[in-house]
Amino acid sequence: MDYQNLYLFVKIIERGSYTAAADELQMPTSTLSRKIQQLEEQLGYQLLYRSARKLSLTEAGALFYRRCQPLYDELVEATEGLEGELTSPRGNLKVTAPVSIANEVFNPWIFEFMELYPGIDLDLMLINRNIDLKEEGVDIAFRVGEIKIPDWVSRPLFTSRFSLCASPDLIAKHGHPQTLADLDQFPLILSRRSPKWNFTDRTGGEHEFIGKARLTYDELRGALEAAVMGIGVANLPDYVVGESLTMGRLITLLPQFEPLGREVHMVYPHRQYLPAKVRLFISFIMQKVDEERSAISA
């Protein structure tokens, strides 16, 4: 069945005549009449009485119109709603991210997105533990490290690089470590979630170090402050320690070993039709990531 003919049938009834409907549809009256005849042939029922004076429905036509008209209204409403969402997106968007990477990287991007789309409200959940994204009703999540979430799409954004570092005062007190094993003689600042440190050497060999923590942390900004104060040696992301290294508040240790980075991902539900607000946010973040890559390579 040609479902466009259903639309034409409803339009004729709404406008009260073939001529009025043809004018609105910008279609010859003869073509419109032929389309309705095709519909009647497909259904096996006459739908309209045709006379010179007026247009009227047969019993089958009246029944068919009562069934079609609500479906047509619903389709029009859905189409208008989609058009409105695309031209002026609105609604609530729930985003979650680890605290430090949101504060250091994503928050400025998120706030810029909100300025561009004032109709979209953000519910920003900053939390360091992995929550159940479906249960919490999350639309977009930023995650660091390996991603194992069934039925969710994972888009890699960038690799978060790390630096093994300590304050100059701590090194003046304990000396420079020469090997990874020497770190056992130093006070250490370790993450509760990732207490192991992994490195590659200049030949590509991989090394793992597991030490005893003097300070265990959940939040990176606090770990940075502790390292600057000389509490211990830390292995922290460059987006957290970069400024302190540049200003000399921290110094890099064991340059012959490079700490393994961790991949930062954006994840969202695997759906064929994502809401416009979600698609806009995904495109915006990917654009910001591309801009950052271009700036670094320039």
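Residues numbered from 1 in each chain as written. Predicted model: local features only at pLDDT ≥ 70, side-chain atom pairs only at ≥ 80, totals over all residues. Heavy atoms only, no water.

1. A short note on the side chain of S100
(1) Moving on: Within the secondary structure, S100 is located in helix α5 (residues 99–116).
(2) Moving on: With residues near it in sequence (within four places) discarded, S100 still touches N128, E219, L220, R221 and Y239. (Helix = DSSP H or I, 4+ residues; strand = E, 2+ residues; numbered from the N terminus. Contact = heavy atoms within 4.5 Å.)

2. A look at the packing of aromatic side chains
(1) Moving on: With the rule as written, the count across this model stands at ten aromatic pairs.
(2) Moving on: Aromatic side chains F106 and F142 sit 3.9 Å apart centroid to centroid with 15 degrees between the ring planes, which places their arrangement in the stacked category. Taken as a pair, F106 in helix α5 and F142 in strand β5 (residues 140–144) lie far apart in primary sequence, 36 residues in all.
(3) Moving on: For F106, a relative accessible area of 0% corresponds to the buried category.
(4) Moving on: Grouping aromatic residues by their ring pairs yields a cluster made of F106, W109, F113, Y117, F142, F158, F281 and F284. (Phe/Tyr/Trp six-rings, centres within 6.5 Å; stacked < 30°, edge-to-face > 60°. Buried < 20%, exposed > 50% of the residue type's maximum accessible area, 1.4 Å probe, protein only.)

3. Some thoughts on the sheet that holds β5
(1) Moving on: Pairing is mixed across the open sheet formed by five strands, whose spatial order is β4-β3-β5-β15-β6. Each edge of the sheet is formed by a strand with only one pairing partner; in this case those strands are β4 (120–126) and β6 (152–160). Strand-to-strand twist of the sheet, defined as the mean angle between neighbouring strand axes without regard to direction, takes the value 20 degrees.
(2) Moving on: Pairing between strand β3 (residues 91–97) and β5: two bridges, direction parallel. (Pairing = 2+ DSSP bridges. Axes fitted to C-alpha atoms, helices over the stretch in contact; angles between N-to-C directions.)

4. Focus on the layout of surface pockets
(1) Moving on: Approximately 630 Å³ is the volume attributed to the largest pocket.
(2) Moving on: As for the largest pocket, its lining consists of 34 residues, and the residues nearest its centre are V144, F162, S191, S194 and R262.
(3) Moving on: Elements that contribute at least two residues to the lining of the largest pocket include exactly β3, α5, β5, β9 (196–201), β12 (233–237) and β15 (262–269).
(4) Moving on: Per-class residue counts for the lining of the largest pocket are 17 nonpolar, ten polar and seven charged. (1 Å grid on protein atoms, 1.4 Å probe; cavity = no way out; pocket = protein on both sides within 12 Å on 5 of 7 lines; lining within 4 Å. Points joined across faces, edges and corners; volume = space filled by probe spheres on them. Nonpolar A, V, L, I, M, F, W, Y, C, P; charged D, E, K, R; others polar.)

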